[in-house]
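Listed below, chain by chain, are the residues.
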Amino acid sequence: MADQEKTFRFVIVGGGIAGVTCVEQLSSQIPSAEVALITAGPQIKAVTNYKQVSKTLEEFDVEERPSSVLEEKFPNLTVIHSAVKSLHTQSHASSLFCILSINIINSFGARPKLLTQDNPYVLGIRDTDSAQEFQKRLANAKRIVVVGNGGIALELVFEVEGCEVIWAVKDKAIGNTFFDPGAAQFLIPSLETNKPERPAPCKRTRYTTEEPAPGGSQTFTADRNARGDGSGPTGVGSALGPDWHEGIVLRGAEQVSRRVSLEYQCEVKKIFTSEELLNSPQQTLRPENERSWPVYIQLTNGKTFGCDFVVSATGVVPNTEPFLHGNKFELADDGGLQVDDHMMTSEPDVYAAGDVCTASWQHSQLWQQMRLWTQARQMGWYTGRCMAAHVLSEPIELDFCFELFTHITKFFNYKVVLLGKFNGQGLGPDQELLVRCTKGQEYVKVVLRGGRMVGAVLIGETDLEETFENLILNQMDLTPYGEELLNPNIDIEDYFD
Ligand SMILES: Cc1cc2nc3c(=O)[nH]c(=O)nc-3n(C[C@H](O)[C@H](O)[C@H](O)COP(=O)(O)OP(=O)(O)OC[C@H]3O[C@@H](n4cnc5c(N)ncnc54)[C@H](O)[C@@H]3O)c2cc1C
Ligand SMILES: NC(=O)C1=CN([C@@H]2O[C@H](COP(=O)(O)OP(=O)(O)OC[C@H]3O[C@@H](n4cnc5c(N)ncnc54)[C@H](OP(=O)(O)O)[C@@H]3O)[C@@H](O)[C@H]2O)C=CC1
């Protein structure tokens, strides 16, 4: 259909943070170039309230917006709301439109890595639709099982009310992707208390307990009392963002506030329906109580729980499928498109950024990839610069943001800052830890190697992030300071000024 053909200099696929930031960067660097943004969703995601907290730490909000806002800002941009079905890297053309661009970026994101596909009782949470489906199912639920020990599980077990939550984690402590067992122990008491009242609804749409015995369980109950229903507005159209759950009511069908039972060091053995239960020999499938449930989950610790549905919060897989057929992309072990230090894939002129890609260059000793908003934004921004440098034949060096891993977020209502090798990733026994903890207030952990700071976990309002970031970046020998480094009576900022 010749009348639908148009030629673009750059084609960006995916209207998430990575794709949109790349468009903004490219359009401002080369305003004359025709740019197409092809995205499957009806809206695009935009970074707002961006704040550079320090050299590498950044904070921002994410909003879902109509694409017209972007087109008004950049007259060179055409947004096409359509799903890309395939990509022909050799001819630089897709099956939908004739694309004679020299550069294609894809920032398709990722999809949930579900425990099992096509089981109507197993849900994943990724986008607005899946969050709304979760909310709808939760409204009638008395018990759910959450499987997984990362970001989504941490958020859900804290936010869900009015429904019993069985949380199955395969580790000895909660939050393995972000925390060490010490930090987990600091956070656990938050599950025993009522959820704090929500702050005033946002106007903008946005989206010491004992260490358990192996395979052991813990139950935390918070009584429903003074809390009204001030749960904020219903989040129709909300984007999933750092505060995605603030716009929607996550309440089940029971009159309880929060009730979380933890099952440690176990994985899922089997998920089955009540019919399968009836037809199975008594010994093999024996639920923990006699009630009838729509679905049952058998764990490797030998326990079987009935529930209304299971949430699979078990990570993401890069969404590469539409690109692979007929092309020769090198894939990393985690399934992402490998990119070099200029964000280029193994197919010439095809770049990738955000959740879909795997950073395959030689990383700085203090950086690692995690599939997060911040990295999607940073990669999108840097990719835009690399693409512009490519067409302008300018040299470009790897951006400074890839020097040091930094992440600011919130878990269990605490501010959380992660710096560098915050969990001693890849350091082996060659590390020393300093910890300072005040129950209910703050948890500070510093990772040292050879007397130099290489990582930190800061939970609570510690105000240490900038100083620690500097200490990590300048690799100063901290041996002379010893444990004084975390002495709460010393103003560490003055110390190192
Ligand atoms: C519930 C949840 C909470 C999260 N909370 C946080 C948090 O608090 N902090 C944090 O740092 N990170 C968080 N993350 C991670 C963060 O959302 C991702 O790392 C980030 O969104 C990745 O951005 P992206 O642009 O790479 O991908 P995405 O945002 O997934 O965007 C992918 C885009 O590609 C489009 N697309 C997909 N397929 C096609 C196709 N075939 N054709 C055309 N377009 C297509 C989609 O419509 C979408 O616009 C959270 C993730 C989830 C699921
Ligand atoms: N505030 C924030 O920063 C938030 C960030 N996110 C991001 O969103 C993305 C999706 O979140 P999420 O799904 O929680 O992913 P995460 O990667 O954070 O966590 C996945 C968890 O599931 C575990 N897991 C994997 N497979 C299984 C299995 N078969 N059985 C039991 N457990 C399993 C993983 O263990 P193991 O690590 O051992 O494989 C890990 O604990 C991530 O990139 C995450 O970083 C999400 C919410 C909040």
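The residue numbering used here restarts from 1 in each chain and proceeds along that chain's sequence as written. To label them, take the chains in the order written and letter them from A, then take the ligands in the order written and number them from 1. Where totals are concerned, whole chains, interfaces and linings use all residues; where local detail is concerned, this predicted model gives features only for residues with pLDDT of at least 70, and gives and counts side-chain atom pairs only at 80 or more. Only hydrogens and water are set aside when side-chain values are computed; all heavy atoms of the structure are taken into account.

Here helix α1 (residues 17–29) crosses helix α8 (residues 373–391) at 30°, and the two axes come no closer than 7 Å. Considering only the axes of α1 and α8, their crossing is right-handed. Here α1 contributes I17, A18, T21, C22, Q25, L26 and Q29 to the contact with α8, which in turn contributes W373, A376, R377, G380, W381, T383, G384, R385, M387 and A388. Under the convention adopted here, Pro, Cys and the residues Ala, Val, Leu, Ile, Met, Phe, Trp and Tyr are nonpolar, Asp, Glu, Lys and Arg are charged, and Gly plus all remaining residues are polar. When grouped by side-chain class, the residues that make up the contact of α1 with α8 number nine nonpolar, six polar and two charged. The axes are straight lines fitted to the C-alpha atoms, using for helices just the contacting stretch, and the angles between their N-to-C directions are given from 0 to 180°. The helix and strand labels rest on DSSP assignments: H or I over at least four residues marks a helix, E over at least two residues marks a strand, and numbering proceeds from the N terminus. Crossings are assigned a handedness: left-handed for a near helix turned anticlockwise from the far helix by less than a right angle, right-handed for a clockwise turn. Throughout, a residue-residue contact means that at least one pair of heavy atoms, one from each residue, lies within 4.5 Å.

Another aspect to go through is the UniProt feature "domain: FAD/NAD(P)-binding" (unreviewed entry) in the protein chain. UniProt positions are given in the numbering used here, feature names are shortened, and annotations may be inferred rather than shown by experiment. Per the UniProt annotation, the sites labelled "domain: FAD/NAD(P)-binding" (unreviewed entry) are residues 9–166 and 297–380. Structurally, residues 297–380 is divided into 14% helix and 27% strand, and its ends, taken at the C-alpha atoms, are 40 Å apart.

We call a residue near a molecule or strand when any one of its heavy atoms sits within 4 Å of it. Surveying the vicinity of ligand 1 reveals 32 residues, the closest of which are A18, V84, R126, D355 and W373. A distance of 3.4 Å is found between an oxygen atom of ligand 1 and a backbone nitrogen or oxygen belonging to G41. Contacts to ligand 1 include R371, whose backbone N or O atom sits 3.3 Å from an oxygen atom. The protein chains shown are the only cover counted for residues, whose accessible areas, like all others here, come from Shrake-Rupley with a 1.4 Å probe. Protein coverage of the free-state accessible area of ligand 1, which is 1000 Å², stands at 88%. The domain boundaries here were taken from an automatic or database domain assignment. A domain split of the shell around ligand 1 shows at least three residues from each of domain 1 (2–111 + 316–400) and domain 2 (114–312). Two N or O atoms count as a polar contact when they lie within 3.5 Å, although within protein this holds only if one can serve as hydrogen donor and the other as acceptor, and sequence-adjacent residues are included solely when both atoms are side-chain atoms.

Right, let's get into the site of ligand 2. Lining the immediate environment of ligand 2, one finds 22 residues, of which K170, N176, R371, H407 and T409 sit closest. The backbone of G151 places a nitrogen or oxygen atom 3.1 Å from an oxygen atom of ligand 2. At 2.7 Å, a side-chain N or O of T409 approaches a nitrogen atom of ligand 2. In the complex, the protein chains occlude 77% of the 900 Å² of accessible area that ligand 2 would expose alone. Taken together, the elements giving at least two residues each to the shell around ligand 2 come down to α4 (151–159) and β23 (406–411). A class-by-class count of the residues in the shell around ligand 2 yields eight nonpolar, ten polar and four charged.

Relative to the helices and strands, G336 is located in the loop between α7 (321–324) and β20 (337–339). For the pair G336 and Y296, spaced 40 residues apart in sequence, the C-alpha separation works out to 33 Å. Sequence-distant contacts of G336, that is, excluding residues within four places in its chain, are made with P318, E330, L331, V356, C357, T358 and R371.

If you trace the backbone, L278 turns up in helix α6 (residues 274–279). In this structure, the C-alpha to C-alpha distance between L278 and H245, residues 33 residues apart in sequence, is 37 Å.

Just to be clear on terms, a salt bridge is a Lys or Arg side-chain nitrogen sitting within 4 Å of an Asp or Glu carboxyl oxygen. Scanning the model with the defined rule gives 16 salt bridges in all. Among the salt bridges present, the one from R259 reaches E164, with a minimum N-O distance of 4.0 Å. When accessible area is computed with a 1.4 Å probe and restricted to protein chains, residues below 20% of their type maximum are described as buried, those above 50% as exposed, and intermediate ones as partly exposed. Among the residues examined, R259 registers a relative accessible area of 33% and is labelled partly exposed. The buried category is assigned to E164, whose relative accessible area is 15%. Here R371 and D334 are joined by a salt bridge, their closest N and O atoms 3.0 Å apart. One end of the pair, R371, is in the loop between β22 (357–359) and α8; the other, D334, is in the loop between α7 and β20, with 37 residues separating them in the sequence.

Put simply, two rings from Phe, Tyr or Trp (the six-membered ring, in Trp's case) pair if the centres are within 6.5 Å, and we call them stacked under 30 degrees between planes, edge-to-face over 60, tilted for the rest. Under the criterion given, the structure shown has 15 aromatic pairs. Ring geometry for F186 against Y414: centres 5.0 Å apart, planes inclined by 55°, an arrangement best described as tilted. Of the two residues, F186 and Y414, both sit in the buried class. Note on F405 and F422: the rings are 5.4 Å apart at their centroids and 35° apart in plane angle, and the pair reads as tilted. Placement of the pair is F405 in the loop between α8 and β23 and F422 in the loop between β24 (414–420) and β25 (432–438), with a sequence separation of 17 residues. In terms of burial, F405 and F422 fall into one category: buried. Linked through ring pairs, W361, W367, Y382 and F402 together constitute an aromatic cluster. When the ring centre of F309 is taken as origin, the NZ or CZ atom of R137, which lies over that ring, is 5.5 Å away. In this scheme, the term charge over a ring applies when either NZ of a lysine or CZ of an arginine sits within 6 Å of the ring centre and within 35 degrees of the ring normal.

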